[in-house]
Amino acid sequence: GLCLLVLRLFIGVHVFLVSCALPDSVVRRFIVRVMCSVLGLLVRQSDPRLRGAGARVFIANHVTPFDHNVVSLLTSCNTPALSGAPGFICWSRGFMELGVTGSRAELVDSLKEYSAQQGNPPLLLFPEEAATNGRAGLLRFSSWPFSILDEVQPVALQVRRPLVAVSVADSSWITELLWTFFVPFTVYQVRWMPSVPRRADERSEDFALRVQELLAMELGVVSTRITAADRTEHMKRLRHTAQRLPFAPGGGSWLWNLSLGSALGGSLVPPSLPRGAPEDVKVVAMAQQVKEVLPHVPLEVIRTDLVQTNCVDTTIANLLEGRVHFLPESKEPGDLPAPSTSQAAAASGIQGSVPAPSPKPATKQFAKSPVERHLSLQERKRALYDYARR
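Cut-offs used in this document
Residues numbered from 1 in each chain as written. Predicted model: local features only at pLDDT ≥ 70, side-chain atom pairs only at ≥ 80, totals over all residues. Heavy atoms only, no water. UniProt positions renumbered as here; feature names shortened; annotations may be inferred. Phe/Tyr/Trp six-rings, centres within 6.5 Å; stacked < 30°, edge-to-face > 60°. Helix = DSSP H or I, 4+ residues; strand = E, 2+ residues; numbered from the N terminus. Buried < 20%, exposed > 50% of the residue type's maximum accessible area, 1.4 Å probe, protein only. Pairing = 2+ DSSP bridges. Axes fitted to C-alpha atoms, helices over the stretch in contact; angles between N-to-C directions. Parallel < 35°, antiparallel > 145°, perpendicular 65-115°, else oblique. Left-handed = near helix turned anticlockwise from the far one by under 90°. Contact = heavy atoms within 4.5 Å. Nonpolar A, V, L, I, M, F, W, Y, C, P; charged D, E, K, R; others polar. pLDDT = per-residue confidence, 0-100. Polar contact = N/O pair within 3.5 Å; in protein donor to acceptor, adjacent residues only side chain to side chain. Salt bridge = Lys/Arg side-chain N within 4 Å of Asp/Glu carboxyl O. Core = buried A, V, L, I, M, F, W, Y, C linked by side-chain atoms within 4.5 Å.

- The name given to the chain in an unreviewed UniProt entry is Lipid droplet-regulating VLDL assembly factor AUP1, and the organism recorded there is Rhodinocichla rosea.
- The Sequence similarities (unreviewed entry) comment attached to the chain in UniProt states, word for word, "Belongs to the AUP1 family."

**Quick look at the packing of aromatic side chains**
Stage number 1. Applying the stated criterion to the full structure yields 7 aromatic pairs.
Stage number 2. An angle of 45° between the planes, with centres 5.8 Å apart, marks the rings of F88 and W91 as tilted. You can see F88 and its partner W91 sitting in helix α4 (residues 88-92), 3 residues apart, about one turn around the helix.
Stage number 3. The exposure class assigned to F88 is exposed, which follows from its relative accessible area of 55%.
Stage number 4. According to the relative accessible area criterion, W91 is partly exposed, its value standing at 46%.
Stage number 5. Measuring from centroid to centroid gives 5.7 Å for W179 and F182, while their planes differ by 90°, and the two rings are edge-to-face. One end of the pair, W179, and the other, F182, are both in helix α6 (residues 173-182), 3 residues apart, so they sit about a helical turn from each other.
Stage number 6. On the accessibility criterion, F182 (28% relative accessible area) is partly exposed.
Stage number 7. Joined through ring pairs, the aromatic side chains of F16, F88 and W91 make up one cluster.

**Notes on the environment of C3**
Stage number 1. Note that C3 resides in helix α1 (residues 2-21).
Stage number 2. Expressed as a C-alpha distance, the spacing of C3 and F181, which sit 178 residues apart in the sequence, is 9.6 Å.

**Regarding the pairing of strand β8 (residues 186-192)**
Stage number 1. The element β8 is largely enclosed, with a buried count of 6 among its 7 residues.
Stage number 2. Two elements, strand β1 (residues 41-46) and β8, share 6 bridges in a ladder whose sense is parallel. By the bridge assignment, V43 is partnered in β8 with Y188.
Stage number 3. Taken together, the 6 bridges between strand β7 (residues 151-160) and β8 define a ladder with antiparallel strand orientation. Bridge pairing in β8 links L157 to V190.

**What about the packing of helix α10 (residues 282-293) against helix α12 (residues 312-321)?**
Stage number 1. α12 packs onto α10 with a crossing angle of 40° between their chain directions and a minimal axis gap of 10 Å. Judged by the inter-axis angle, α10 sits oblique to α12. α10 and α12 meet at a crossing whose hand is right-handed. Together, M286, Q289, V290 and V293 of α10 and V312, T315, I316 and L319 of α12 make up the contact between the two elements.
Stage number 2. The residue inventory of the contact of α10 with α12, partitioned by class, reads 6 nonpolar, 2 polar and no charged.

**Concerning the confidence of the model for the chain**
When pLDDT drops low, the exact placement of atoms in the prediction is not to be read closely.
Stage number 1. The pLDDT averaged across the chain works out to 77; a share of 73% of its residues lies at or above 70.
Stage number 2. Low confidence marks residues 247-279, where pLDDT is under 50. Its contacts with residues over four positions away, or in another chain, come to 46 contacts.
Stage number 3. Here residues 332-364 is a poorly scored stretch, pLDDT under 50, and it has 42 contacts once near neighbours within four places are set aside; other chains count.

**Focus: the side chain of S142**
Stage number 1. Assignment of secondary structure puts S142 in the loop between β6 (137-138) and β7.
Stage number 2. For S142, a relative accessible area of 17% puts it in the buried group.
Stage number 3. Only 3.2 Å separates the side chain of S142 from the side chain of E129, close enough to count as a polar contact.

**Comments concerning the side chain of R161**
Stage number 1. Relative to the helices and strands, R161 is located in the loop between β7 and α6.
Stage number 2. Here the side chain of R161 touches T180 through a polar contact of 3.1 Å, side chain to side chain.
Stage number 3. Every residue in contact with R161, bar those within four places of it in the chain, is listed here: V166, E176, W179, T180, V183, F185 and T186.

**Observations regarding the pattern of salt bridges**
Stage number 1. Within this structure, the stated rule accounts for 10 salt bridges.
Stage number 2. With a shortest N-O distance of 3.0 Å, R198 and D150 are connected by a salt bridge. With R198 in the loop between β9 (196-197) and α7 (204-219) and D150 in the loop between β6 and β7, this pair connects stretches of sequence that are 48 residues apart.
Stage number 3. For E213, the salt bridge is made with R225, and the minimal N-O distance between the two is 3.6 Å.

**Considerations on the pairing of strand β2 (residues 57-60)**
Stage number 1. Where burial is concerned, the two faces of β2 agree: the one with V57 and I59 and the one with F58 and A60 are both buried.
Stage number 2. With 3 bridges joining them, β2 and β7 adopt parallel strand pairing. Within the sheet, the bridge partner assigned to A60 lies in β7 and is V155.

**A short note on the nonpolar core**
Stage number 1. F58, L124, V155, L157, V190 and W192 are the most contacted members of the largest nonpolar core, which totals 27 residues.
Stage number 2. Among the elements of the structure, α1, α2 (26-38), β1, β2, α3 (67-72), β7 and β8 are those that each provide at least two residues to this core.
Stage number 3. Once you skip the residues sitting within four places of it in the chain, L124 turns out to touch F58, A60, D67, H68, V71, C77, N78, T79 and P80.
Stage number 4. If you look at the next biggest cluster of nonpolar residues, it comprises 25 residues, including L107, W144, M193 and L219.

**Points about the packing of helix α11 (residues 299-309) against α12**
Stage number 1. Put simply, α11 and α12 touch, their axes get as near as 9 Å, and they point 125° apart. When the axis of α11 is compared with that of α12, the two are oblique. Taken as a pair, α11 and α12 cross one another with a handedness that is right-handed. Judged by residue contacts, V301, I302, D305, L306 and T309 of α11 engage V312, T314, T315, N318 and L319 from α12.
Stage number 2. Of the residues assigned to the contact of α11 with α12, the class counts are 5 nonpolar, 4 polar and 1 charged.

Below, the structure written as structure tokens:
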């Protein structure tokens, strides 16, 4: 993999120079496509007779940062730059700079003027506005690409590669490029679909939804109502949660390992969690609740029992009744209250009367009857909750 990466970096420079030197034509697309196959980018297409059948706007699902480059190897098209500063990087990646930095309305007006000129190549737009792996579902299509013209041509994209997943969340285009050079090959499957005209009195939102449903059926995935903004907010929450997790060494590095494990097709478990533990933060929240009630119990013991019970009350009962053995954490004088009588007895394995060195209410005798023990447990739990709230 590393040898392929280094070799393809040098070849990639030549591919870039050739694509810049030659004008846009069938010969240029053929030469660059052959050279890209050496880089491991294999492009296949279905129903090429439908390609560019009078349509001026191509609508495609978004899988990788290089989707527009792949489609441009098959037909002449331009994709406007929607984000990022204009300049050499934007031009070298194959985006078209319109000089519009305002609202979407200004962008739509500029694209309408562009499409009105017959000599310009068709537009290739990605209404999802964010890349996904394309295996589960499509993000909700934005309506502005369907406000340009009354006829669009859907293009279904599917990408697969061995060893490494396609379009890892929160990865940059440079990371995706390096992974593409690292793996043996990446196959892009482009399927051209018939053009879809706008119906009479059909709104742009309804037009976008109808095209989204057609693309989802072609790809065999679900047409969701999740927007690109929802995806961005979800990733922010994941990063924020990873930074706040108390057992995440290095500022949530285990969450990054989980993402990397998903990328490699495996499953990594945080080093502080036992194998098979849930990978969400629900256990963490419940563990904090138990820790507030029983501050002397180690957090690792609480999490281990919560993985099995998945219930705060059951875990508290197990710890109070002595079903889970642990060594109480040492505390400085004046800190959190010491364990109650029954907790100390359960920890030491002694059944009987033990004095409680804290003002928390506690029973002075361990009942032998199950009914009495249950009532005593409920009383202690209420007392502990009241004490924790103070």
